[in-house]
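Commentary on secondary and tertiary structure
The chain contents come next:
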Amino acid sequence: MFNSLSDRLTETLDALRGKGKLTEADIAHAMRDIRMALLEADVNFKVVKDFVAKTRERCMTAEVLESLTPAQNVVKIVLDELTELLGATESKLVLSNRIPNVIMLVGLQGSGKTTAAAKLAYLLKKQGKSPLLAACDVYRPAAADQLATLGAEIGVPVFKGDGTHPVAIAQGAVREAVDTMKNVVIVDTAGRLQIDEAMMAEAVEIKRAVKPDQVLMVVDAMTGQDIVNVVTTFAERTDFDGVIISKLDGDARGGGALSVRAVTGKPIKFASVGEKPDALEVFSPERMAKRILG
Ligand code: GDP
């Protein structure tokens, strides 16, 4: 991901490095290139506008322009602002003392919820927790089977209940966790390709029924300008505490990954970087920003 963005930004910043002394026109030119590169990566338009305005303001100071190494200062500012855009610091998943903890995943169909549920279960298992997966996506016929297969692969039980009533399945999973001494329940919910009232109402119902300690929204890194519409609807209806950004290993443009923090104000907690159960990383804004700047 971000290959083209990365190349473009590196090229722009390298061109500045080659100049020695920088003028305001050099900065303006570089900012124009950065704006184009971000827009081409499908970063949300308003996010790009704010990012470039802030970066430009910090670069256009006498302190930067008249320093001995202006280009290095500009690179440092772009890195800082990119890190800030991605959330500044790591935001770890904090579990409460409640047993079982309940983590609910929401998001559109195909965003990567079911696989993220299994990956999260695997991560928590490796940290010594004993998770239980709740298969509440009863509409996509293969979802429960997919979760069962993934559960078997990582050695985590999957609660399917009657396979028809999502709220009852979520509640049943919590009872099952108490009975079988599991300390975290991860609830996989249904998504649709488009935001849809019935899906939202159901997610709200599940949330009301099991009162999750954490609601995490799974957002596909490839989501482009539509991201505002998607995340604000979830924010209004189910609210969420953090984001799992998925498919960060893809070769698409990655606008969603760069926009989501600014658009939601919620931290990106995990990055999903592949289809296998161990392909989930704690998200680090600084590491990501450094990777993008090459
Ligand atoms: P759901 O409908 O939200 O439950 O989405 P799924 O978990 O079924 O994922 C949809 C598709 O995306 C599946 O084919 C997954 O294997 C794939 N997928 C999910 N996360 C990732 C990821 O981080 N990287 C890649 N390459 N594929 C992913």
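Residues numbered from 1 in each chain as written. Predicted model: local features only at pLDDT ≥ 70, side-chain atom pairs only at ≥ 80, totals over all residues. Heavy atoms only, no water.

**Focus: the overall build of the protein chain**
- Within the protein chain, the regular secondary structure consists of twelve helices and eight strands.
- The C-alpha radius of gyration computed for the protein chain amounts to 21 Å, which stays within 12% of the reference 19 Å derived for 294 residues, consistent with globular compactness.
- The principal-axis extent of the C-alpha atoms belonging to the protein chain is close to 70 × 40 × 30 Å.
- Buried positions account for 52% of the 294 residues belonging to the protein chain.
- Taken as a whole, the protein chain presents about 13,300 Å² of accessible surface, with 52% of it coming from carbon and sulfur. (Helix = DSSP H or I, 4+ residues; strand = E, 2+ residues; numbered from the N terminus. Rg over C-alpha atoms; globule rule 2.2 N^0.38 Å. Buried < 20%, exposed > 50% of the residue type's maximum accessible area, 1.4 Å probe, protein only. Areas by Shrake-Rupley, 256 points an atom, 1.4 Å probe, with all protein chains shown as cover.)

**Looking at the sheet that holds strand β2 (residues 131–135)**
- Here eight strands make up an open sheet; going across it, the order is β3-β2-β4-β1-β5-β6-β7-β8 and the pairing mixed. On the outer flanks of this sheet lie β3 (158–159) and β8 (280–282), each paired with one strand and no other.
- Both β2 and β3 contribute to a ladder of two bridges, which runs parallel. Looking across to β3, one finds that L133 is bridged to V158.
- Relative to the sheet, helix α9 (residues 197–210) contacts β1 (101–106), β4 (184–188) and β5 (214–220), its axis offset from that of β1 by approximately 175°.
- On the sheet, helix α11 (residues 255–264) packs against β5, β6 (242–246) and β7 (268–272) and is oriented at approximately 175° with respect to β6. (Pairing = 2+ DSSP bridges. Contact = heavy atoms within 4.5 Å. Axes fitted to C-alpha atoms, helices over the stretch in contact; angles between N-to-C directions.)

**Digging into helix α7 (residues 143–154)**
- If you check α7, its first and last C-alpha atoms are 17 Å apart, about what twelve residues at 1.5 Å a residue would give, namely 16 Å.
- Looking at α7, one finds that the buried residues are A143, A144, L147, L150, G151 and I154. Along the axis of α7, the buried residues cluster in a sector spanning 125°; they form a single face. Exposed and oriented more than 90 degrees from the buried face of α7 are T149, A152 and E153.
- Buried-residue contacts for α7 involve α6 (113–126), β2, β3 and β4.
- Just beyond α7, the residue with positive phi is G155, at close to 70°. (Expected span 1.5 Å × (residues − 1). Arc of directions from axis to C-beta.)

**Notes on the pairing of β4**
- Of all five residues making up β4, five are buried, and the element is well covered by its neighbours.
- Of the two faces of β4, the one holding V184, I186 and D188 and the one holding V185 and V187 are both buried throughout.
- Looking at chain direction, β1 and β4 are connected through five bridges and run parallel. Counterpart to N101 in the pairing with β4 is V184.

**Considering the environment of Q171**
- Secondary-structure assignment places Q171 in helix α8 (residues 166–179).
- Sequence separation of Q171 and D14 is 157 residues, and the distance between their C-alpha atoms is 56 Å.
- Once you skip the residues sitting within four places of it in the chain, Q171 turns out to touch A209 and V210.

**Section: the pattern of salt bridges**
- With the rule as written, the count across this model stands at 18 salt bridges.
- Between E40 and R8 there is a salt bridge, with the nearest N and O atoms lying 2.6 Å from each other. Of this pair, E40 sits in helix α2 (residues 24–40) while R8 is found in helix α1 (residues 3–17), placing the two residues 32 residues apart along the sequence.
- For R8, a relative accessible area of 26% translates into the label partly exposed.
- For R17, the salt bridge goes to D14, with nearest N and O atoms at 2.7 Å. Taken together, the positions of R17 and D14, both in helix α1 and three residues apart, correspond to about one turn of that helix.
- Relative accessible area serves as the criterion here: at 44%, R17 is assigned to the partly exposed category.
- Taking the relative accessible area as the measure of exposure, D14 reaches 39% and is therefore partly exposed.
- Here the salt bridges share partners, and the residues they tie into one network are K54, R58, K76, D80 and E81. (Salt bridge = Lys/Arg side-chain N within 4 Å of Asp/Glu carboxyl O.)

**Remarks on the UniProt feature "domain: SRP54-type proteins GTP-binding" (unreviewed entry) in the protein chain**
- UniProt tags residues 267–280 as "domain: SRP54-type proteins GTP-binding" (unreviewed entry).
- Taken end to end, residues 267–280 has its terminal C-alpha atoms 16 Å apart, with 0% of it in helix and 43% in strand. (UniProt positions renumbered as here; feature names shortened; annotations may be inferred.)

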